[in-house]
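Topology and contacts: notes
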Amino acid sequence: MYANSTRFRSASLLLTGLIGLSSGVCAQSAAPLPEGPYRGEFQTATGKVPFNFAVKGTTAYLLNAGEREALPGIRQQGDSVFIAIPLYDATLRFKREGNRLTGSYRAGSGQPIPVTAEFGRSDRYEQGAAPTVSLEGKWDIGIQRSAGNPADVNQTVGVFSQQGSRVTGTILTTTGDYRYLDGHVTGNRFALSAFSGASPAVFQGEIGPDGKLTGEFRYVRGASPATGVKNPAAKLPDLYSLTYLKPGYKKLDFTFPAVNRGDESGKPVSLTDAKYKDKVVIVTILGSWCPNCIDETAFLAPWYKANRQRGVEVIGLAFERKNDLAFAKTALSRLINRYDVQYDILFAGLADKNVASAALPALNKVLAFPTTIILDRQGNVAQIHTGYTGPATGTYYDEYVAEFNQTIDKLLRNEPLTAETAHGGN
């Protein structure tokens, strides 16, 4: 009886294994996603947010105006499709139904957002009436920061390019830019959306007979009213003067644990360390969760590798969503690996501007992630830039990079910065 029972269980286990193997083969042999364009659409609490992506092989590409963000490693299991977005610890999860995908987007431990996608569509917005207005040019745009206080407005600069009904552009603010906005104009109404892996958003509204813009920014769980007027001379305040040293200070002083020093990770790092002596040092205040910080890292990581031999060092002070070193190491590893960051990244605390300000008491206040501080060879603070003017801003980005390199060149030669090189702006 025992022997028969053993043989029966063995046969059952073998049959179960064969069924599991067969299922695995079926899952692995599922037809790959068709290559080509897809139109996606988030279903958020404030309305629909369209976006575009393309598939080639096992890589998806998020498409926003001039940006093409690669997401390699599409994974399939039966009729399920998983597109990972490592930088934001996020995933698009779909079920396949012919040429249609239905599922959700989830970042970290956040709530899932329903999302659909359709193969073969490269349009972002459906074709509407011919445009009767133009967004082309520069705009003074005021964005209301709090719903209960119409006077609490963030003054920004909109920069748009329009060809026919297609509109692309971005919004420049004192804390960074809105990255790549992409959309259209139909009649006197406009709508532009953005999704590069985090925080899908829409900027929509209309231009009245008086030429004034009224609209709103819609995010996943809220909206902010906006008004604007076209102004070729629109510009932001001087971004080099918003954050500054308090009276009596010339230097920064901090000590934080490193997260990417191999066996020395977790050990305290300070500006007084021998590694930074007689060097021009770039200190950037960042967070792995911050899209503008990611843009800056995408610039600084290769720049550092090309320039480090000249006597330059970079330190990233990271403020993360949890005040926990282990959590920070995991979150920052995605950013470090994505851009092969070879300069020191230190964990400085919780992602909060007040926490960052307290961690760097020599500064009047940290207003933005990122904030970039450049020290001369003597360790004195030579320049502070609030926010980041990223590649979505076009010529503004080119000007910022030129100013940045000019500053570094002067400091490496031990030349004092003139007003022209110490201050820029938009």
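Residues numbered from 1 in each chain as written. Predicted model: local features only at pLDDT ≥ 70, side-chain atom pairs only at ≥ 80, totals over all residues. Heavy atoms only, no water.

Take the domain arrangement of the chain next. One widely used convention gives an interface's size as the accessible area the parts lose upon coming together. Domain assignment breaks the chain into domain 1 (36-119), domain 2 (137-230) and domain 3 (255-423). Computed from C-alpha atoms alone, the centre-to-centre distance between domain 1 and domain 2 is 24 Å. At the interface, 20 residues of domain 1 touch 21 residues of domain 2. The largest contributions to the domain 1 side of the interface with domain 2 come from T46, N64 and A65, which together make up 31% of the buried area. Linking domain 1 with domain 2 are 1 salt bridge. The partner of E67 in a salt bridge is R179, with the nearest N and O atoms 2.6 Å apart. Where domain 1 meets domain 2, there are 9 residue pairs in polar contact (both at pLDDT 80 or more). Sorting the residues of the side of domain 1 that touches domain 2 by element identifies β1 (36-44), β2 (47-56) and β3 (59-64) as the ones contributing at least two each. For the side of domain 1 that touches domain 2, the class distribution of residues is 12 nonpolar, 6 polar and 2 charged. (Domains from an automatic or database assignment. Contact = heavy atoms within 4.5 Å. Buried area = accessible area lost by both parts, 1.4 Å probe. Salt bridge = Lys/Arg side-chain N within 4 Å of Asp/Glu carboxyl O. Polar contact = N/O pair within 3.5 Å; in protein donor to acceptor, adjacent residues only side chain to side chain. Helix = DSSP H or I, 4+ residues; strand = E, 2+ residues; numbered from the N terminus. Nonpolar A, V, L, I, M, F, W, Y, C, P; charged D, E, K, R; others polar.)

To continue, consider the nonpolar core. Judged by nonpolar contacts, the single largest core of 91 residues is most densely connected at L252, F254 and L317. Not counting residues within four places of it along the chain, the set of residues in contact with L317 comprises F254, F256, V283, T284, I285, L286, L346, A348 and L360. (Core = buried A, V, L, I, M, F, W, Y, C linked by side-chain atoms within 4.5 Å. Buried < 20%, exposed > 50% of the residue type's maximum accessible area, 1.4 Å probe, protein only.)

This brings us to the sheet that holds strand β22 (residues 312-320). If you walk across this open sheet you meet the 5 strands as β23-β22-β21-β24-β25, and the pairing is mixed. Sheet topology places β23 (344-350) and β25 (381-386) at the edges, where each strand pairs with a single neighbour. For this sheet the average axis-to-axis angle between neighbouring strands, irrespective of direction, equals 20°. Examined bridge by bridge, β22 and β23 share 6 bridges and lie parallel to one another. Its bridge partner being in β23, L317 is matched across the sheet by L346. Packed on one face of the sheet, helix α5 (residues 395-412) meets β21 (280-286), β22, β24 (371-375) and β25 and runs near 25° to β24. (Pairing = 2+ DSSP bridges. Axes fitted to C-alpha atoms, helices over the stretch in contact; angles between N-to-C directions.)

So, on to helix α3 (residues 325-339). In this model α3 runs 21 Å from its N-terminal to its C-terminal C-alpha over 15 residues, within 8% of the 21 Å that 1.5 Å per residue would give. In the structure, α3 departs most strongly from a straight axis at L332, where the bend amounts to approximately 30°. If you follow the buried residues of α3, they end up packed against β21, α2 (291-307), β22 and β23. For α3, the side-chain oxygen to backbone nitrogen distance between the N-cap and A326 is 3.2 Å, and the N-cap itself is D324. Phi for D340, located one or two positions after α3, is positive at around 50°. (Expected span 1.5 Å × (residues − 1). Bend = angle between axes of the 7 residues up to and from the residue.)

The full count for this structure, using the stated rule, is 19 salt bridges. R338 is the partner of E69 in a salt bridge, and the nearest nitrogen-oxygen pair spans 3.4 Å. With E69 in strand β4 (residues 67-72) and R338 in helix α3, this pair connects stretches of sequence that are 269 residues apart. Exposure remark for E69: the relative accessible area of 14% places this residue in the buried category. Among the salt bridges present, the one from E118 reaches R121, with a minimum N-O distance of 3.5 Å.

Right, let's talk about the side chain of T297 for a bit. Relative to the helices and strands, T297 resides in helix α2. Discounting residues that sit within four places of it in the chain, T297 has contacts with L286, P302, L335, Y339, V341 and Y343.

Turning our attention to the packing of aromatic side chains. Counting across every chain of the model gives 21 aromatic pairs. Centre to centre, the rings of Y400 and F404 are 6.3 Å apart; their planes meet at 35°, and the pair counts as tilted. Remark: F404 and Y400 occur in helix α5; sequence separation between them is 4 residues, near one turn of the helix. Grouping residues by exposure puts Y400 and F404 together as buried. Here the aromatic cluster, defined as three or more aromatic residues joined through ring pairs, consists of Y38, F42, F51, F53, Y105, F119 and F195. The ring of Y61 carries the charged tip of R68 above its face, separated from the ring centre by 4.1 Å. For the cation-ring pair, R75 lies above F82, with the distance from its terminal atom to the ring centre recorded as 4.2 Å. (Phe/Tyr/Trp six-rings, centres within 6.5 Å; stacked < 30°, edge-to-face > 60°. Lys NZ or Arg CZ within 6 Å of the ring centre and 35° of its normal.)

Take the packing of α2 against α5 next. Close contact between α2 and α5 brings their axes to 13 Å; oriented N to C, the two are set at 40°. Relative to α5, the element α2 lies oblique. Here α2 and α5 pass one another in a crossing that is right-handed. Listed contacts from α5 to E296, F299, L300 and W303 of α2 are Y397, Y400, V401, F404, N405 and I408. The class makeup of the residues in the contact of α2 with α5 is 8 nonpolar, 1 polar and 1 charged. (Parallel < 35°, antiparallel > 145°, perpendicular 65-115°, else oblique. Left-handed = near helix turned anticlockwise from the far one by under 90°.)

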